[in-house]
Structures are given as C-alpha cells and as structure tokens.
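Understanding the architecture of this molecule
What follows is each chain in one-letter form.
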Amino acid sequence: LNVLGPLGHGFQMNPQGRYLLVGGGIGVPPMLGCAQWTGGRSTAILGFRAADKVMLEADFQTCCAQVQVATDDGSYGYHGFVDALVRKTLEQDQDFTGVLACGPKPMLRSVALAAEAFGVACQVSMEERMGCGVGACLVCACKTRDGQYRHACKDGPVFDAGEVDWDA
C-alpha cells in the first residue's frame with residue numbers, strides 16, 4: 001500500500017474561535033471535524049437534496065451551539081438552499097470568527113457572497129476532481145481573482161473565498 005499525503009492545506013482555524021460552518025451534501029462530513037475542534041461554540045448549517053440524504057445531524061448537535069438543516073425539496077428542515085440560512089444567521093449575528101464552507105461550487109459561491117456582504121471572513125474548500133495530487137495534471141486548477149490558476153490539490157483545497165474567481 002502506497003500512501004501519498006498529507007496533501008494541500010486545510011481550514012485555518014483558531015481553536016478558541018466561533019465559526020459558522022456550512023456544508024452541502026458530501027461537503028458535510030469534513031465540517032464535523034471543524035465543529036468538534038471548536039468545542040461547542042460554532043453553528044452548523046447543513047444542506048441536502050432531501051430528507052433521506054440527511055446525515056451526521058446528531059453528531060453536529062453534540063458539538064455545535066446550533067444546527068440548522070436545509071433541504072432543496074423542503075422534505076426536512078428549511079425549504080431551500082443553505083445560503084438563505086447563512087444570510088439569515090449573519091443578519092442576526094455577525095460575531096463569528098469566520099465562515100467555513102465545503103460543498104458544490106454554486107453553494108460555495110453563494111455562501112462566499114453572503115459572508116462578504118456581512119463583512120465576515122470566509123474560507124471555502126473547493127470540491128474539484130484531483131488526478132495526481134501534486135499539481136502536475138492540472139485537473140484541479142482553480143482560477144483566482146488575480147488571473148492566475150492555483151491547484152486545489154497542492155494550494156488548497158481550502159482557499160480564502162476572496163481569492164477565488166467565482167465567474168470563471
């Protein structure tokens with residue numbers, strides 16, 4: 001068994017921080033470790049397509065101050081996308097150390113824009129296909145606002161949301 005790792009960079013977190021953790025679909029499990037690391041001070045917003053796709057809610061409830069669930073079809077929790085819950089949460093409370101998000105790119109874009117609108121720092125974990133893991137194959141290239149390309153496998157997968165060119 002050959003193992004290549006660890007690769008890339010994860011979320012930059014302060015263990016004493018209070019974060020708004022946003023996960024969508026397969027982006028939910030990575031946020032659980034972040035929730036556990038902040039010792040019950042963070043809020044989690046989890047998004048799924050439908051009620052039968054909801055996972056890890058009980059785990060988040062044991063390690064977060066608050067957990068909100070959204071489903072696209074309205075079959076469980078809030079009917080709609082997570083960005084609406086992010087905006088609602090930030091309207092009521094902007095005293096977060098930052099917003100950390102993992103999920104599909106359209107969700108990340110919406111969450112990043114919401115965080116920016118409220119002046120809260122945001123980090124996003126880009127879900128890109130990764131072929132080689134060392135930046136050679138260029139499959140995971142992400143365009144940044146300065147016109148450059150960075151690789152999710154070695155420069156990320158976590159980026160400051162302000163670096164990402166969401167229109168690329």
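Data block above holds the structure.
For clarity, every value in this text was computed on a predicted model and none was experimentally measured.

A few points about helix α3 (residues 82-92)
Because the α-helix completes a turn every 3.6 residues, residues three or four places apart line up on one side. Where α3 is concerned, the buried positions are Val82, Leu85, Val86, Thr89 and Leu90. One side of α3 holds all its buried residues, which, seen down the axis, span an arc of 130 degrees. In α3, the exposed residues that point more than 90 degrees away from the buried face are Glu91 and Gln92. On its buried side, α3 packs onto β1 (19-24), β2 (43-48), β3 (66-71), β4 (78-79) and α4 (105-117).

Digging into the packing of aromatic side chains
Here a ring pair, both rings aromatic, is described through the centre-centre distance and the interplanar angle of the planes. Counted by the stated rule, this structure contains zero aromatic pairs. Lying across the ring of Phe96, Arg18 places its NZ or CZ 4.2 Å from the centre.

Regarding the packing of α3 against α4
The interhelical angle for the contact between α3 and α4, taken along N-to-C directions, is 15 degrees, at an axis separation of 9 Å. Classified by the angle between their axes, α3 and α4 sit roughly parallel to one another. Crossing geometry of α3 relative to α4 is assigned as right-handed. Together, Val82, Asp83, Val86, Arg87 and Leu90 of α3 and Met107, Ser110, Val111, Leu113, Ala114, Ala115 and Ala117 of α4 make up the contact between the two elements.

Here we look at the pairing of β3
For β2 and β3, the ladder comprises six bridges, and the chain directions are parallel. Opposite Ala44, over in β3, you have Val67 as the bridge partner. Looking at chain direction, β3 and β4 are connected through two bridges and run parallel. The residue of β4 that forms the bridge with Thr71 is His79.

Some points on the layout of surface pockets
As a volume, the largest pocket reaches approximately 430 Å³. The wall of the largest pocket is formed by 18 residues, among which Gly24, Gly25, Asp72, Pro104 and Met107 lie closest to the centre. Mapped by element, the contributors of at least two residues to the lining of the largest pocket are β2, α3 and α4. With three residues, the top contributor of residues to the lining of the largest pocket is α4.

Focus: the environment of Lys88
Checked against the element boundaries, Lys88 lands in helix α3. Given the relative accessible area of 47%, Lys88 is considered partly exposed. Measuring from C-alpha to C-alpha, the distance between Lys88 and Ala114 comes to 9.6 Å, with 26 residues separating the pair along the chain.

Brief notes about the sheet that holds β1
Ordered in space as β4-β3-β2-β1-β5-β6-β9, the seven strands form an open sheet in which the pairing is mixed. Whereas interior strands pair on both sides, the edge strands pair on one side only; in this sheet they are β4 and β9 (158-160). Relative to strand β6 (residues 122-126), strand β5 (residues 98-103) runs parallel, the two being bridged by five bridges. Note that in β6 the partner of Ala101 across the bridge is Val124. Contacts from α4 reach β1, β5 and β6 within the one sheet, and its direction differs from that of β5 by about 170 degrees.

The rules behind these values
For every chain, the first residue of the written sequence is number 1, and numbering continues from 1 along that sequence. Where totals are concerned, whole chains, interfaces and linings use all residues; where local detail is concerned, this predicted model gives features only for residues with pLDDT of at least 70, and gives and counts side-chain atom pairs only at 80 or more. Only heavy atoms go into the side-chain values, all of them from the structure, while hydrogens and water stay out. We call a residue buried when its accessible area falls under 20% of the maximum for its residue type, exposed when it is over 50%, and partly exposed in between, using a 1.4 Å probe and counting protein chains only. Only DSSP runs of H or I reaching four residues or more are called helices, and only runs of E reaching two or more are called strands; each is numbered from the N terminus. Regarding the arc, it is the one traced by the directions from the helix axis to the C-beta atoms. Any two residues whose heavy atoms approach within 4.5 Å are treated as being in contact. For this analysis, a ring pair means two rings from Phe, Tyr or Trp (six-membered ring only for Trp) whose centres lie within 6.5 Å, classed as stacked if their planes differ by under 30 degrees, edge-to-face if by over 60, and tilted for the remaining angles. Sitting over a ring, as applied to charges here, requires NZ of Lys or CZ of Arg to be within 6 Å of the ring centre and within 35 degrees of the ring normal. As a rule, the C-alpha atoms of each element are fitted with a line to give its axis, helices using only the stretch in contact, and angles between N-to-C directions run from 0 to 180 degrees. These descriptions rest on fixed angle ranges, namely under 35 degrees for roughly parallel, over 145 for roughly antiparallel, 65 to 115 for roughly perpendicular, and the rest for oblique. Take the far helix as the reference: if the near one is turned anticlockwise from it by less than a right angle, the crossing is left-handed, and if turned clockwise, right-handed. Two strands qualify as a pair provided that DSSP identifies no fewer than 2 bridges between them. Lining residues are those with an atom within 4 Å of a point, where the points come from a 1 Å grid over the protein atoms alone and group into cavities, where a 1.4 Å probe fits but cannot get out, or pockets, open sets with protein on both sides within 12 Å along at least five of seven lines. Grid points are joined across faces, edges and corners, and a volume is the space filled by probe spheres set on the points.

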